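Observations on the three-dimensional arrangement
For reference, the chains in residue letters:
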Amino acid sequence: MAALINVPAKAKRGDIIEIRTLTSHIMETGFRHTADGKLVPRDIIASFTCRYNGAEIFRADLFPAIAANPYLSFFTVAKESGKFEFEWIGDNGYSSTASASITVE
Amino acid sequence: MPTTRRRFLSLAGGVTVAGTIPVITLRPLQATPAMLTTAIRNVVGEAQIRTGRVKLDIPPLVENGNTVPMTVSVASPMTAADYVKSIHVFNEKNPQPNIGNFYLTPSAGRAQVSTRIRLADTQKVVAIARLSDDTFWQVAADVVVTLAACTEEMN
């Protein structure tokens, strides 16, 4: 699935960097009805995890009150060059991953 | 409780259908402040919640409740000895009181999280931070919503 990741390509050691992620997902709340009165079943991303060189640095539990196409922004300290891995897990077996690299000087 | 248009229509609809289908279930369309309190207690337990240290940036007036930008930041040095463990965001009147739980580590550097949320009504949004010493700090913000999210009909 399409995900937009914004991580600085380069950073100085010790810098606080912002990580921004956006993924495409309907985030169907499970509270809406169709015109003929049927309940539209819930279909959301329930969990997001970010790992920095294998160590978890940020995790989020999401609920239907998160807008469609979940956007998340958070911070971390640039410690070493390496890779950020992102994982979204949701209803109906939904799973999606993305990654981004950073060079720390 | 005041008679709202929604409540009236759902009751009126129920009466009309009652002739043909015997069982009608009316599910509450809104979380109540009691549900908000319960959801908060599920996270903090019996601990005391203090006001302050947490900052909630959210527009006071939004036109479209389907996507409301929101930033929570906590005044914390974010060191191994003193950091923010988690940030929890709740609402008062969506069908469900939870919005999101965000778990941080000391390596975050800055205790700040942004996302976009849905608001089904004009209501209060509450952000609670759990610090590494297991104290809880909260802040609340009132948001006026002109177009509600979550429960509208699907076309």
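Residues numbered from 1 in each chain as written. Chains lettered and ligands numbered in written order. Predicted model: local features only at pLDDT ≥ 70, side-chain atom pairs only at ≥ 80, totals over all residues.

1. Points about the overall build of chain A
Of the regular secondary structure elements, chain A holds zero helices and eight strands. In chain A, the order of α-helices and β-strands from amino to carboxyl end is β-β-β-β-β-β-β-β. Scaling as 2.2 N^0.38, a compact globule of 105 residues should have a C-alpha radius of gyration of about 13 Å, whereas chain A reaches 16 Å, well beyond that. Projected onto its principal axes, the C-alpha positions of chain A cover 60 × 20 × 20 Å. Every one of the 105 residues in chain A was classed for burial, and the buried ones make up 31%. (Helix = DSSP H or I, 4+ residues; strand = E, 2+ residues; numbered from the N terminus. Rg over C-alpha atoms; globule rule 2.2 N^0.38 Å. Buried ≥ 20, exposed ≤ 12 C-beta atoms within 10 Å, placed from the backbone.)

2. Considerations on helix H2 (residues 33–44) of chain B
Here H2 of chain B contains twelve residues, and its C-alpha end-to-end distance of 16 Å stays within 8% of the 16 Å for a straight helix at 1.5 Å per residue. Just downstream of H2 of chain B lies Gly45 of chain B, where phi reads positive at about 70 degrees. (Expected span 1.5 Å × (residues − 1).)

3. Side note on the pairing of strand S5 (residues 84–91) of chain B
Residue and element names in this part refer to chain B. Counted residue by residue, S5 has six buried out of eight residues, so it is predominantly covered. Here S5 pairs with strand S6 (residues 98–104) via five bridges, running antiparallel. Within S6, the position partnered with Ile87 by the bridge is Phe102. Taken together, S5 and the strand that follows it, S6, pair antiparallel across an intervening segment of six residues. (Pairing = 2+ DSSP bridges.)

4. Structural notes on the interface of chain B and chain A
On the chain A side, the residues contacting the 31 residues of chain B number 27 residues. Counting only elements with at least two residues in the side of chain B that touches chain A, the list comes to S6 and strand S7 (112–117) of chain B. Considering every element that reaches the side of chain B that touches chain A, the biggest residue donor is S6 of chain B, with seven residues. In terms of residue class, the side of chain B that touches chain A is built from ten nonpolar, 16 polar and five charged. Here strand S5 (residues 55–62) of chain A runs beside S6 of chain B; their pairing, made up of five bridges, is antiparallel. (Contact = placed C-beta atoms within 7 Å. Nonpolar A, V, L, I, M, F, W, Y, C, P; charged D, E, K, R; others polar.)

5. Regarding the UniProt feature "domain: Sulphur oxidation protein SoxZ" (unreviewed entry) in chain A
Feature annotation in UniProt assigns "domain: Sulphur oxidation protein SoxZ" (unreviewed entry) to the following positions: residues 8–100 of chain A. Within the segment residues 8–100 of chain A, helix and strand shares are 0% and 52% respectively, and the terminal C-alpha atoms sit 9 Å apart. (UniProt positions renumbered as here; feature names shortened; annotations may be inferred.)

6. Some details on the sheet that holds strand S3 (residues 16–23) of chain A
In spatial order, the strands read S1(A)-S3(A)-S6(A)-S7(B)-S4(B)-S2(B); together these six strands make up an open sheet with antiparallel pairing. Edge strands, defined here as strands with exactly one partner in the open sheet, are strand S1 (3–6) of chain A together with strand S2 (54–57) of chain B. The mean angle between the axes of side-by-side strands here comes to 15 degrees, regardless of whether they run parallel or antiparallel. Both strand S4 (residues 68–74) of chain B and S7 of chain B contribute to a ladder of six bridges, which runs antiparallel. (Axes fitted to C-alpha atoms, helices over the stretch in contact; angles between N-to-C directions.)

7. Structural notes on the environment of His25 of chain A
All names here are of chain A. Assignment of secondary structure puts His25 in the loop between S3 and strand S4 (45–52). Residues His25 and Pro70 lie 45 residues apart in sequence; the distance between their C-alpha atoms is 7.0 Å. Leave out the neighbours within four places in its chain, and His25 touches Ile45, Ala68, Asn69, Pro70 and Gly90.

8. Overview of the nonpolar core
Membership of the largest hydrophobic core comes to 58 residues, with the highest contact counts inside it found for Ile66 of chain A together with Val84, Ile87, Ile117 and Leu119 of chain B. In terms of residue count, strand S8 (residues 123–131) of chain B provides more of this core than any other element does, five residues in total. Excluding residues within four positions of it along the chain, Ile66 of chain A makes contact with Met27 of chain A together with Ile99, Gly100, Thr115 and Ile117 of chain B. (Core = buried A, V, L, I, M, F, W, Y, C linked by C-beta atoms within 7 Å.)

9. Observations concerning the confidence of the model for chain B
Residue and element names in this part refer to chain B. In the predicted model, chain B carries a mean pLDDT of 84, and the fraction of residues at 70 or more is 79%. Within the model, pLDDT remains below 50 along residues 17–28, and this stretch shows five contacts once partners closer than five positions in the same chain are excluded. Taken together, the chains of this predicted complex give a pTM of 0.84 and an interface ipTM of 0.93. (pLDDT = per-residue confidence, 0-100.)

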